[in-house]
Amino acid sequence: MAAKTERTFIAIKPDGVQRGLVGEIIKRFEQRGFRLVAAKFMQPTEALCKEHYIDLKDMPFYAGLVKYMSNGPVLAMVWEGLSVVKIGRLMLGETNPIDSKPGTIRGDLCIEVGRNLIHGSDSVASATKEVALWFKPEELVSYTSCAQPWLYE
């Protein structure tokens with residue numbers, strides 16, 4: 001299983017933290033069988049948020065997004081598991097909650113795109129970049145979960 005394992009970056013945004021949804025979101029990833037390998041509760045700097053969203057710098061909402069993300073606490077996390085990037089994105093739902101299906105985090109818990117609760121890496125390459133941006137290598141924990149034989153063949 002280790003050769004197939006990948007990591008993704010997931011961040012609960014300020015609206016998710018302020019609304020008390022941290023536990024619910026973590027619960028969904030744990031229940032799916034993914035393993036939390038790093039977590040950091042923090043208020044990100046404007047510089048960190050600018051770098052994180054650099055690919056959106058030409059979009060009209062970029063400045064507001066950076067201000068919003070750096071204006072409140074965020075729970076930055078790294079999750080590990082088989083196809084965690086793809087499955088994680090499915091669990092999140094569409095960027096615009098109105099397009100998200102019931103059962104997804106955004107479909108169940110939010111209404112407006114500007115307050116869509118959570119960020120998740122959209123590819124393995126993005127995940128690698130985002131994990132390195134938010135975490136030092138020594139902050140990532142490697143361990144074998146006792147549930148692993150119950151999750152993977």
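Residues numbered from 1 in each chain as written. Predicted model: local features only at pLDDT ≥ 70, side-chain atom pairs only at ≥ 80, totals over all residues. Heavy atoms only, no water.

1. A short note on unusual backbone geometry
Alright, step 1. Despite not being glycine, serine 83 shows a phi value in the positive range, around 55°.
Alright, step 2. Structurally, serine 83 is set in the loop between β3 (74–82) and α5 (84–92).
Alright, step 3. The exposure class of serine 83 is partly exposed, given its relative accessible area of 31%.
Alright, step 4. Of note, leucine 117 is a non-glycine position whose phi angle comes to about 70°, a positive value.
Alright, step 5. Position of leucine 117 among the secondary structure elements: in the loop between α6 (105–109) and β4 (118–120).
Alright, step 6. Judged by its relative accessible area of 0%, leucine 117 is buried. (Helix = DSSP H or I, 4+ residues; strand = E, 2+ residues; numbered from the N terminus. Buried < 20%, exposed > 50% of the residue type's maximum accessible area, 1.4 Å probe, protein only.)

2. Let's talk about the packing of aromatic side chains
Alright, step 1. Applying the stated criterion across every chain yields a total of three aromatic pairs.
Alright, step 2. With a centroid separation of 6.5 Å and an interplanar angle of 45°, the aromatic rings of phenylalanine 29 and phenylalanine 34 are classed as tilted. For the residue pair phenylalanine 29 and phenylalanine 34, the accessibility class agrees, reading buried in each case.
Alright, step 3. Ring geometry for phenylalanine 29 and tryptophan 79: centres 5.3 Å apart, planes at 25°, overall stacked. In this pair, phenylalanine 29 sits in helix α2 (residues 22–32) while tryptophan 79 sits in strand β3, placing the two residues 50 residues apart along the sequence.
Alright, step 4. The exposure class of phenylalanine 29 is buried, given its relative accessible area of 0%.
Alright, step 5. Among the residues examined, tryptophan 79 registers a relative accessible area of 0% and is labelled buried.
Alright, step 6. Joined through ring pairs, the aromatic side chains of Phe29, Phe34 and Trp79 make up one cluster. (Phe/Tyr/Trp six-rings, centres within 6.5 Å; stacked < 30°, edge-to-face > 60°.)

3. Here's the deal with the packing of α2 against α5
Alright, step 1. For the pair α2 and α5, the least separation of the axes is 12 Å and the interaxial angle reads 135°. On the basis of the axis angle, α2 is oblique to α5. The handedness of the crossing between α2 and α5 is right-handed. Here Arg28, Phe29 and Arg32 of α2 lie close against α5, whose contacting residues are Ile87, Gly88, Met91 and Leu92.
Alright, step 2. When its residues are assigned to classes, the contact of α2 with α5 shows four nonpolar, one polar and two charged. (Axes fitted to C-alpha atoms, helices over the stretch in contact; angles between N-to-C directions. Parallel < 35°, antiparallel > 145°, perpendicular 65-115°, else oblique. Left-handed = near helix turned anticlockwise from the far one by under 90°. Contact = heavy atoms within 4.5 Å. Nonpolar A, V, L, I, M, F, W, Y, C, P; charged D, E, K, R; others polar.)

4. Some words on the nonpolar core
Alright, step 1. Phe29, Trp79, Ile105 and Ile118 are the most contacted members of the largest nonpolar core, which totals 22 residues.
Alright, step 2. Put simply, the parts of the chain that give this core at least two residues each are β1 (5–12), α2, β3, α5 and α6.
Alright, step 3. Here the element with the most residues in this core is α5; it accounts for five residues.
Alright, step 4. Once residues lying within four places of it in the same chain are set aside, the contact partners of isoleucine 105 are Ile25, Arg28, Phe29, Met91, Leu92, Cys110, Leu117 and Ile118.
Alright, step 5. Formed by 20 residues, the second largest nonpolar core is a distinct cluster that contains Phe9, Val37, Cys49 and Ala76. (Core = buried A, V, L, I, M, F, W, Y, C linked by side-chain atoms within 4.5 Å.)

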